Amino acid sequence: MIKPHLYFSCEAISADGTITTTLAAVAPRHYVIAGWTGRDAAAIEHHIHELGLIGVPAPSTVPLYYRGSALLLTQADTIEAVGPDSSGEVEPVLFYSGGEWWLTVGSDHTDRRVETYSIAVSKQLCPKPTGTSAWRWSDVSAYQDELELVSRIFEEGKWVEYQKGTFASIRPLESLRNGCFAGPHIDEGSFVSCGTLGAIPNAKGEGIRAAAQMELEIRDPRRKRSIKHRYSVDVLPLVS
């Protein structure tokens, strides 16, 4: 099967601080979604609780690794989802290209209705928006806990913060990566989505919720840079 390429503007930092940007064309080969990746047990329980409120069963073990079709990964500005019950969540995404690991931002967009009876199936039903910029992981891994993860959704006519925190809330990304891609030989085009943060409730007390537009961002306060991606959702009719 010929798989479509994703294109990334990749930043690498040399020993003297010079930033070099190159364009990488990556054909996704393997895609893994790491779930229940919180570093703090209380935060994991909170996320389990908020998902439980919409009927999602608790995990069998923590963390869990869900295999997804590599064809789900997309850099499109608009995705399509069947029915009104899907929503996204911002995640750090590591991918392997050119003999190195790179960091970008993505959304584990998920069908929440299907999630109530099968998380694995729900994750397979929706495209996974992914950024177009990336940082060399070895350049930021030593201070990964300082990196910020933010999402916003367009709700009731305005952009509102939906998720916000730092990588310190997530298990070290190397441990998550090594849980599914370990060993001396890593396939080009291996991707792992490394978990998310809890949703910020709106005035109605709603946490996880659908939105027609979502913006994803990773911020690097130390180097004053960010990776952003925004996408819209076209809802297709749910017929029976």
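Cut-off values and rules
- Residues numbered from 1 in each chain as written.
- Predicted model: local features only at pLDDT ≥ 70, side-chain atom pairs only at ≥ 80, totals over all residues.
- Heavy atoms only, no water.
- Helix = DSSP H or I, 4+ residues; strand = E, 2+ residues; numbered from the N terminus.
- Salt bridge = Lys/Arg side-chain N within 4 Å of Asp/Glu carboxyl O.
- Buried < 20%, exposed > 50% of the residue type's maximum accessible area, 1.4 Å probe, protein only.
- Pairing = 2+ DSSP bridges.
- Axes fitted to C-alpha atoms, helices over the stretch in contact; angles between N-to-C directions.
- Contact = heavy atoms within 4.5 Å.
- Phe/Tyr/Trp six-rings, centres within 6.5 Å; stacked < 30°, edge-to-face > 60°.
- Lys NZ or Arg CZ within 6 Å of the ring centre and 35° of its normal.

Here we look at unusual backbone geometry
Most peptide bonds take the trans form, and the phi angle of most residues other than glycine is negative. In this structure, the amide linkage connecting Val62 to the following residue, Pro63, adopts the cis form with an omega of -10°. Phi angles above zero are rare outside glycine, and Glu156 is one such case at about 50°. Structurally, Glu156 is set in the loop between strand 13 (148–155) and strand 14 (158–166).

Focus: the pattern of salt bridges
One pass over the full model with this rule turns up 20 salt bridges. For Lys204, the salt bridge goes to Glu156, with nearest N and O atoms at 3.6 Å. With Lys204 in the loop between strand 15 (190–193) and strand 16 (213–220) and Glu156 in the loop between strand 13 and strand 14, this pair connects stretches of sequence that are 48 residues apart. You can call Lys204 exposed: its relative accessible area is 59%.

A word on the sheet that holds strand 2 (residues 19–26)
Strand-to-strand pairing in sheets goes through backbone hydrogen bonds, with the strands running parallel or antiparallel. Judged by pairing direction, the sheet is mixed, and its eight strands sit side by side in the order 2-1-12-9-8-15-3-4 without closing on themselves. Two strands close off the open sheet at either side, each with one partner strand: strand 2 and strand 4 (64–68). Across the sheet, the mean angle from the axis of one strand to that of its neighbour is 30°, orientation sign disregarded. Note that strand 3 (residues 30–35) and strand 4 share five bridges and pair antiparallel. Looking across to strand 4, one finds that Gly35 is bridged to Leu64.

Observations concerning the side chain of Asp108
With respect to the element layout, Asp108 can be found in the loop between strand 9 (100–107) and strand 10 (110–111). Look at Asp108 and you get buried, because its relative accessible area is 0%. The contacts of Asp108, once residues within four sequence positions are left out, are Ile33, Ser87, Gly88, Glu89, Glu91, Lys123 and Lys128.

A few points about the packing of aromatic side chains
Applying the stated criterion across every chain, the model contains six aromatic pairs. Relative to Phe191, the ring of Phe8 has its centre 6.4 Å away and its plane inclined at 35°; by these criteria the two rings are tilted. Of the two residues, Phe8 is situated in strand 1 (residues 6–13) and Phe191 in strand 15; the sequence distance between them amounts to 183 residues. Ring geometry for Phe154 versus Trp159: centroids 5.4 Å apart, planes at 65°, classification edge-to-face. The exposure class assigned to Phe154 is partly exposed, which follows from its relative accessible area of 31%. Judged by its relative accessible area of 29%, Trp159 falls in the partly exposed class. One aromatic cluster is present, formed by Phe8, Phe95 and Phe191 through successive ring pairs. Here the guanidinium or amino end of Arg222 rests over the ring plane of Tyr143, the centre of that ring lying 4.2 Å away. Between Arg225 and the ring centre of Trp135, over which it is positioned, the NZ or CZ distance is 4.2 Å.

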